[in-house]
Amino acid sequence: MSNATLSPLPSADRPDVAARLREALLAASFTADGLLELLGAPAYAALARSETVPALRATRGDTPLETLARLFLLQQPVPHARVAEFLPVHACVESGWLVPTGGDEMAATVDVRPYGGPGGEDWFIVSDLGCAVGGAGGIGSDAEGVVLGVGGASTTLAGVTVRKPVSAALDLGAGSGIQALHAAQHATRVTATDLNPRALHITALTLALSAAPAAELREGSLFEPVRDDETYDLIVSNPPFVISPGARLTYRDGGMGGDDLCRSLVQGAGERLNQGGFAQFLANWQHVEGEDWQDRLRSWVPRGCDAWIVQREVQDVTQYAELWLRDAGDHRGDPAEYQARYDAWLDEFEARKVKAVGFGWITLRRTAAEEPVITVEEWPHPVEQPLGDAVLAHFERLDYLRAHDDAALLAGHFRLVEEVVQEQVGLPGAEDPEHVVLRQHRGMRRATKVDSVGAGFAGVCDGSLSAGRILDAIAQLVGEDPVLLRDRTPAQIRLLVEQGFLEPAQ
């Protein structure tokens, strides 16, 4: 499917029709909760795998909700007479949301997917036909300008983004508008950019149909549409981060060599951020032979920014190539063409000495500190979403630790964070554990090994005593020199604060 064959889009200049359509969708319970109740969890989950048969079976009746699910979610034609009972059909046809088909039926021109906002809002994500269900795999590998709906990457970025009131937010590579929609809830002004003008049009439709404030839409690549004097409190981007030979698919392929697009995006964000502002991205990065991947990412971080980079997954180059060939549906086409494309990916990786590709989150925060802190870590384990508050807390803890030397740390009061549990690990029947593990059940859900002093210290931290007085009491209990204990323990306290097991009590 090329740009020439993509369906004409509804008008973005008819907010009155979008408002009437929204009202009709809500009246029929065409919402995330309503669909889940109608389809059932198995059929709902199957949609994400591009499997529509269970949902089609669940919508064989003729209630308004079943009819709307077939029309906007499953892209099935429905009888004109039936849909006219609960939709403003004439206005929807006139503004391009619906088109008549043969046999006195109506068809949708775009996907409309109900999406539940973080505060219980009923939102609707607009995308190209066939793209709200299971990504682009069913569209065909030549879908150059196609605009996808909400996928796992979109919801991951939305979940990790720091949500606090800000004056100005920037969504780079807006796609279907999901990040701009979230940002509009807590930013006075939202600017959304995309290289694909079709994506900007669809972003406008998503915002209108979700009854969200309009964003300023600008066409262009990366920071090109942003004026030199413009800065932001929040920058978010789910960019076309796929490392591929060429730029065949606009929605996913960056068009720069290797991971240069993600590097350029991160390096360019620093000067666009206001003091204390956040820039948050999803990215892929190369694991290059003879090069430390963590050092590679540290080199991306712009001056004047703290950074927290989390690698969530690593794939060898064959797994990576197969993942994205399947994403485009190439495995269902001509075998010789599939093999040639697979070869091209491996040739590209071999030429760049790439042995694997990492995926994860990158968060920058503009800081006035003389020595910014850059944390690069691997954390493939499950986390609690949404994670935005935990991301904000991470940087607040950095500020605390930077402002407190060891003496100030020992004078400070701390509390054990809620829902941290202690696990003792050792052989059955042993008198003493081999080691003690503290484990979080919230946020990053970290686990860290501590010694007996660290475990005892954390266990009594309720904010009432200073860290130094707690250590003095522990020294007396275990018969250790309190001065030596005060000397060697701050590093462990610092780690427990940095990782979110302890928080300052005042």
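Criteria and cut-off values
Residues numbered from 1 in each chain as written. Predicted model: local features only at pLDDT ≥ 70, side-chain atom pairs only at ≥ 80, totals over all residues. Heavy atoms only, no water. Helix = DSSP H or I, 4+ residues; strand = E, 2+ residues; numbered from the N terminus. Rg over C-alpha atoms; globule rule 2.2 N^0.38 Å. Buried < 20%, exposed > 50% of the residue type's maximum accessible area, 1.4 Å probe, protein only. Contact = heavy atoms within 4.5 Å. Areas by Shrake-Rupley, 256 points an atom, 1.4 Å probe, with all protein chains shown as cover. Salt bridge = Lys/Arg side-chain N within 4 Å of Asp/Glu carboxyl O. Core = buried A, V, L, I, M, F, W, Y, C linked by side-chain atoms within 4.5 Å. 1 Å grid on protein atoms, 1.4 Å probe; cavity = no way out; pocket = protein on both sides within 12 Å on 5 of 7 lines; lining within 4 Å. Points joined across faces, edges and corners; volume = space filled by probe spheres on them. Nonpolar A, V, L, I, M, F, W, Y, C, P; charged D, E, K, R; others polar. Expected span 1.5 Å × (residues − 1). Arc of directions from axis to C-beta. Polar contact = N/O pair within 3.5 Å; in protein donor to acceptor, adjacent residues only side chain to side chain.

## Remarks on the overall build of the protein chain
- What the protein chain contains, in helices and strands, is 20 helices and 19 strands.
- Whereas a compact globule of 506 residues would reach a radius of gyration of roughly 23 Å, the protein chain reaches 26 Å, a difference of no more than 12%.
- Taken over 506 residues, the protein chain has a buried fraction of 51%.
- Within the protein chain, counting contacts between residues at least 6 apart in sequence, those at least 24 apart form 70% of the total.
- Accessible surface, the protein chain: about 22400 Å² in total, of which carbon and sulfur atoms supply 50%.

## Here's the deal with the pattern of salt bridges
- Taken as a whole and judged by the stated rule, the model has 28 salt bridges.
- Here Arg14 makes a salt bridge to Asp16, at a shortest N to O gap of 3.0 Å.
- Of the residues examined, Arg14 reaches a relative accessible area of 27% and is grouped as partly exposed.
- On the basis of relative accessibility, which here comes to 41%, the residue Asp16 falls in the partly exposed class.
- Here Glu291 ties to Arg296 by a salt bridge, and the two come within 2.9 Å at their closest N and O atoms.
- Classification of Arg296 as buried rests on a relative accessible area of 15%.

## Considerations on the nonpolar core
- Membership of the largest hydrophobic core comes to 79 residues, with the highest contact counts inside it found for Ile235, Phe281, Ile362 and Leu364.
- Counting residues per element, this core draws most heavily on strand 10 (residues 273-288), at 8 residues.
- Core analysis: the next-biggest nonpolar cluster, separate from the first, contains 41 residues, Leu65, Leu74, Leu87 and Val112 among them.

## A word on the layout of surface pockets
- Of the pockets and cavities examined, the second largest pocket occupies roughly 970 Å³.
- For the second largest pocket, the lining is made up of 39 residues, of which Pro386, Leu387, Gly388, Asp389 and Ala390 are closest to its centre.
- At the level of secondary structure, the elements contributing two or more residues to the lining of the second largest pocket comprise strand 4 (111-116), helix 8 (152-160) and helix 15 (388-403).
- Considering each element in turn, the lining of the second largest pocket owes the most residues, 7 residues, to helix 15.
- Each residue belonging to the lining of the second largest pocket can be placed in one class, and the counts come to 11 nonpolar, 16 polar and 12 charged.

## With respect to helix 14 (residues 335-351)
- Between its terminal C-alpha atoms helix 14 stretches 24 Å, which fits the 24 Å expected from 17 residues at 1.5 Å a residue.
- Within helix 14, the full set of buried residues consists of Tyr338, Arg341, Tyr342, Trp345 and Phe349. Viewed along the axis of helix 14, the buried residues span an arc of 100°, placing them on a single side of the element. Turned more than 90 degrees off the buried face of helix 14, the exposed positions are Ala336, Gln339, Glu350 and Ala351.
- Packing partners of the buried residues in helix 14 comprise helix 13 (317-327) and strand 12 (354-366).

## As for the environment of Gln440
- With respect to the secondary-structure elements, Gln440 resides in strand 16 (residues 435-440).
- A sequence separation of 52 residues divides Gln440 from Gly388, and the C-alpha atoms of the two residues are 16 Å apart.
- Each residue touching Gln440, except ones within four places of it in the same chain, is listed here: Glu419, Val420, Arg445, Arg446, Gln499, Gly500 and Phe501.
- Within polar-contact distance, the side chain of Gln440 engages the backbone oxygen of Gln499 at 2.8 Å.

## Quick look at empty space enclosed by the protein
- This structure, assessed with the given rule, holds 2 cavities of 30 Å³ or more.
- Empty space within the largest cavity amounts to approximately 40 Å³.
- What lines the largest cavity is a set of 10 residues, among which Pro240, Phe241, Val242, Gly258 and Leu261 lie closest to the centre.
- Roughly 30 Å³ of internal volume is contained in the second largest cavity.
- Contributing to the lining of the second largest cavity are Val162, Lys164, Val166, His186, Asp233, Leu234 and Phe278.
- By residue class, the composition of the lining of the second largest cavity is 4 nonpolar, 1 polar and 2 charged.

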